[in-house]
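Results of the structural survey
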Amino acid sequence: MTQWEVVIGIETHAQLATATKIFSGASTAFGAAPNTQACAVDLALPGVLPVLNKRAVECAIRFGLAIGAEVAQKSVFARKNYFYPDLPKGYQISQMDLPVVVGGAITVQVGQGDKAYEKSVRLTRAHLEEDAGKSLHEDFHGKSGIDLNRAGTPLLEIVSEPDMRSSDEAVAYARALHALVRWIGICDGNMQEGSFRCDANVSVRPKGQAEFGTRREIKNLNSFRFLKEAIDYEVQWQINEIEEGWRIQQATVLFDPDSGETRMMRSKEDAHDYRYFPDPDLLPLVISGDWIARVQGELPELPGQKRQRFVSELGLSDYDATTLTANSEIAAFFESTVAIAGPALAKPCANWVMVDLAARLNKEGREIAESPVSAAQLAGLIQRIADNTISNNIAKKVFEALWNGEGATADEVIDRQGLKQITDSGAIEKLVDEVLAANAANVAEFKAGKEKAFNALVGQVMKAAKGKANPQQVNDLLKQKLAG
Amino acid sequence: MIDASLKQLSQALAARQISSVELSTLFLDRIERLNPTLNAFVTVDREKSLKMAAAADARIASGTAGPLTGIPVAQKDIFCAEGWRTTCGSKMLANFVSPYDATVIEKMHRDAGLVSLGKTNMDEFAMGSSNETSFFGPVRNPWDSERVPGGSSGGSAAAVAARLAPAATGTDTGGSIRQPAALCNLTGLKPTYGVVSRYGMIAFASSLDQGGPMAASAEDCALLLNTMVGFDTRDSTSLDRPVEDYARDLDKPLAGLRIGLPKEFFGEGCDAGVMAAVRAAIAEYEKLGATCVDVSLPNSHLSVPAYYVIAPAEASSNLSRFDGVRYGYRAADYANLDDMYMKTRAQGFGAEVKRRILIGTYVLSHGYYDAYYLQAQRIRRLIANDFVEAFKSCDVIMGPTSPSTAFKLGEKAADPVQMYLSDIYTIAVNLAGLPGMSVPCGFVGGLPVGLQLIGNYFAEGQLLNVAHRYQQATDWHTRRPAGLV
């Protein structure tokens, strides 16, 4: 049986976080009443002209710098001509031959735990363009409504090389890209509102074959789950087709989340001739070295840089560092925690953020930015573990209490609920003596060579101490007494 | 008053010899009387005009008037003007009332205080050289009503020539100010590309379109141009340059002026009478102290073919917005969306516009783009370089504006190539983005002849000076057509 290899390239439309549109002064705010945020330019009245929004260009420069790409000194806006009711000018202003960003790469972490691996996905280009309006087919009987609020919203179309070999890699790339555009503040990443949407170019080929198979493009995937489901379905569909003796025809398809299937929208034969040509209303976009330097100076520390610093300065593992830089919120939370707990506690801070806190957030479906336990509270908790005030087990109780708002600080919870660890050796010795006296059978077993009996005795002491006795001291004292 | 220059009108208004309302009424009455035969205006709104005139009178009374405040002018119907029907000569926009002002209109109305008498007829979407492609019917040449006034700014030309307005705005994509000026005995100026804002000027070919003044003299053109120019943040191709007074150097002597005569403009293909008038004008310039040098524009024979690739390409895209969805004409009956598009555009556009949309769509199509569009752009650069070379040895280039005088209505309408060739001397100027003028320089068989002046980039002031000195020495520009009372 043929072994199939999957080849995926992704085109992403990221809506840029500018206050106004890319070629007009109208607002880009989401959710306004239809056609209230469309000015003469957006309506394409006779005689109006586009004027490029500088902020949109800055977003593109930020992105180019963040992925180590070339920011083109000169790029050109071109018209993509086609008729559609929500495309007011009858053409979309985009970039074709000379895009603003060329090349670059994003390193992504695929999978989790032991199976995790890193992969570098190369980018072909990123270019600036305007969004179209929206056609509303539902609300008007026998007619379509047109809402031009979205028309002219700035987009950065980010095109990857066909470097991904599984839906997991595709999702990892999309997630990393999503995190990055939010990290550098160029896109709010709101996928429900369409601020970040992906098209996946999918093909399959027999393993070992050098040429790509014929691709089909799945349009407008607006969640990571749909991206994965759509690719998985499409891959299986293509393999089935080929194995049944059919050839794949180049096509554009849509994914239906309800059925979980992709279906054809148009074939290559139906593809438009968009008649691209340079837009004579706009001069070539010239970006000076000074401008790039200024934007560079305003860039935050990037995920890759932060990641390296976590390894070199804080001694974290590669895996931990990658996980903690998955998005800016996690990184910020972790850094705030370490800032209070101190760099010596970076490793436990990492564990708490990645494991305990992440699990608790996940259970409630919350984002880290909405965590009821603050970085300061978590840092306080980790410090009490480190100075032996509480054990790890008790710490989980304290964390839960903080989560439920049962105290302002870890110290307050420990104090109020009397969770402070018993380290007074006299008190522990008293407990040990009582347990040894009451459990003669276990003592006899231990002396007969049954190691397990020791654990039972430790358990009894901890139970008597209500979990608060320092486990190490309990161990040491028990061993001493039993040996004696 | 009907024949007065803008300067004389300005003085009369300032001296309260006449009010703007009186002056405007004079011209509005004349339009009412003569427009039915000339068809120069497609929209007149007496009430609106007189309201503007009254506001101008108030400005004059309060001492806040500019030099042209209160002077009535005609506006080519390609400029969007708030509250005015703006048709661009097309059925597509026959009922379109603009909700906003073009920058030029805003400057003329709000800043300069000029009064608009109405919107002038034009070739549909400025595509034509005879005004015969207008949805609103042809304009008659005031010098001979059986002849065309030229185009596309034919309505503006006829209006000023017949003194239905003291001056007018025009636009020039391939000669649309200069050729009608020549055919109607007017002075017209197409500025350097980027000097006059294109915002609100309905686009034909964006990289070539440029607005400019049409008037009886260079002095009038200078004064009107002063109100039209200026950097505009709403037009990305507008040039940010210091403001200049185009009337300042009008009287500068011409001694030492070097006139370049491109051999390509003095060869075959031009009417002998036109050529004789042009040569006589050049001789007049020599009397004024200028010297002539031979120059060459070796690629100028390529300008018409290159133009008829680039202009239709841009037009095919610029006119896509007229789709029947948001404004303008929409077909009455249609089966579905595609049918609506097709019927709307089939019924809304005239034959010449459709021809150019087809040409433009073809040259931009996959597989033809390199051979046509890119090739034409290369030629465009060669043509621009020819001028750069020529201007190394001369200050201004001269030649005929049009190869013939006004032709008869219908004479060239059936042969588009003959029609296109009537712009053979003007098109290269647009391709290069240079300023160009047409100045009256004689008559052949009772029909006016235009002398074309081409200047270097931003040499509008110099061109106006060169034209003005000639007009001080000659009286061609003062001749008026007979029989229009």
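Check the entry above for the structure.
This write-up is about the structure you can find in this document. Owing to the predicted nature of the structure, the values given are computational and were not obtained by experimental measurement.

What follows concerns the pairing of strand β15 (residues 261-267) of chain A. All names here are of chain A. Of the pairings in the sheet, the one linking strand β14 (residues 251-256) to β15 comprises 6 bridges and is antiparallel in character. Bridge pairing links leucine 254 to arginine 263 in β15. Between β14 and β15, which follow one another and run antiparallel, lie 4 residues, and glycine 260 among them has a positive phi close to 75°.

Nonpolar side chains in soluble globular proteins tend to end up buried together. Counting 157 residues, the largest nonpolar core has Phe125, Tyr285, Phe387, Met398, Leu453 and Leu464 of chain B as the members making the most contacts within it. Excluding residues within four positions of it along the chain, phenylalanine 125 of chain B makes contact with Cys88, Ser90, Met92, Leu93, Ile202, Phe204, Leu319, Phe322, Phe349 and Val353 of chain B. Ranked by size, the runner-up nonpolar core spans 72 residues in total, among them Leu16, Val181, Leu282 and Ala331 of chain A.

This part covers the sheet that holds strand β5 (residues 91-95) of chain A. Residues and elements named next belong to chain A. A sheet is described by the order of its strands in space; here 3 strands give the open sequence β5-β4-β16, paired in antiparallel fashion. For this open sheet the edge positions go to β5 and β16 (277-278), each flanked by a neighbour on one side alone. For strand β4 (residues 77-81) and β5, the ladder comprises 5 bridges, and the chain directions are antiparallel. By the bridge assignment, phenylalanine 77 is partnered in β5 with glutamine 95.

The next thing to look at is the interface of chain B and chain A. Facing the 38 residues of chain B at the interface are 30 residues of chain A. When chain B packs against chain A, close to 2700 Å² is buried across both sides, 58% of that on carbon and sulfur atoms. In this structure, the connection of chain B to chain A is made through 1 salt bridge. For arginine 198 of chain B, the salt bridge goes to aspartate 281 of chain A, with nearest N and O atoms at 3.1 Å. Seen at the junction of chain B and chain A, the total is 17 residue pairs in polar contact (both at pLDDT 80 or more). Broken down by element, the side of chain B that touches chain A gets its largest block of residues, 4 residues, from helix α9 (residues 303-318) of chain B. Considering only residue class, the side of chain B that touches chain A consists of 18 nonpolar, 12 polar and 8 charged.

This part takes up the packing of aromatic side chains. Aromatic ring pairs are reported here in terms of the distance separating the ring centres and the angle at which the planes meet. Enumeration according to the criterion identifies 27 aromatic pairs over all chains in this entry. Judged by centre distance (6.1 Å) and plane angle (50°), the ring pair of phenylalanine 443 of chain B and tryptophan 476 of chain B falls under tilted. Here phenylalanine 443 of chain B, found in strand β10 (residues 436-444), pairs with tryptophan 476 of chain B, found in the segment after α15 (460-473); they are 33 residues apart in sequence, far enough to count as distant. Sitting over the ring of tryptophan 291 of chain A, lysine 54 of chain A keeps its end group 5.5 Å from the ring centre. The ring of phenylalanine 458 of chain B carries the charged tip of arginine 241 of chain B above its face, separated from the ring centre by 3.6 Å.

What counts, and where the lines are drawn
- Positions within a chain are numbered from 1, following the residues in the order the chain's sequence is written.
- The order in which chains are written sets their letters, starting at A; the order in which ligands are written sets their numbers, starting at 1.
- The predicted origin of the model limits local features to residues at a pLDDT of at least 70 and limits the giving and counting of side-chain atom pairs to 80 or more, whereas totals for whole chains, interfaces and linings rest on all residues.
- Only hydrogens and water are removed before side-chain values are computed, so all heavy atoms of the structure are retained for them.
- Pairing between strands is defined by DSSP: at least two bridges between them are needed.
- By the criteria applied, helices consist of DSSP H or I runs no shorter than four residues and strands consist of E runs no shorter than two, each listed in order from the N terminus.
- Nonpolar cores are built from buried Ala, Val, Leu, Ile, Met, Phe, Trp, Tyr and Cys residues. Side-chain atoms within 4.5 Å join them into one set.
- Any residue under 20% of the maximum accessible area for its type is buried, any over 50% is exposed, and the rest in between are partly exposed; the area is computed with a 1.4 Å probe on protein chains only.
- Contacts are assigned to residue pairs with any non-hydrogen atoms lying within 4.5 Å of each other.
- Computed with a 1.4 Å rolling probe, the buried area is the accessible surface lost when two parts are put together, summed over both parts.
- When a carboxyl oxygen of Asp or Glu is within 4 Å of a side-chain nitrogen of Lys or Arg, the pair counts as a salt bridge.
- In protein, a polar contact means a hydrogen-donor-capable atom and an acceptor-capable atom, both N or O and within 3.5 Å, with residues adjacent in sequence counting only if both atoms are side-chain atoms; elsewhere, any N or O pair within 3.5 Å suffices.
- Amino acids are sorted into nonpolar (Ala, Val, Leu, Ile, Met, Phe, Trp, Tyr, Cys and Pro), charged (Asp, Glu, Lys and Arg) and polar (every other residue, Gly among them).
- Think of it this way: a Phe, Tyr or Trp ring, Trp meaning its six-membered ring, pairs with another when their centres are within 6.5 Å, and the plane angle makes it stacked under 30 degrees, edge-to-face over 60, tilted otherwise.
- For a lysine, the NZ atom is tested; for an arginine, the CZ atom; a charge sits over a ring if that atom is within 6 Å of the ring centre and within 35 degrees of the ring normal.

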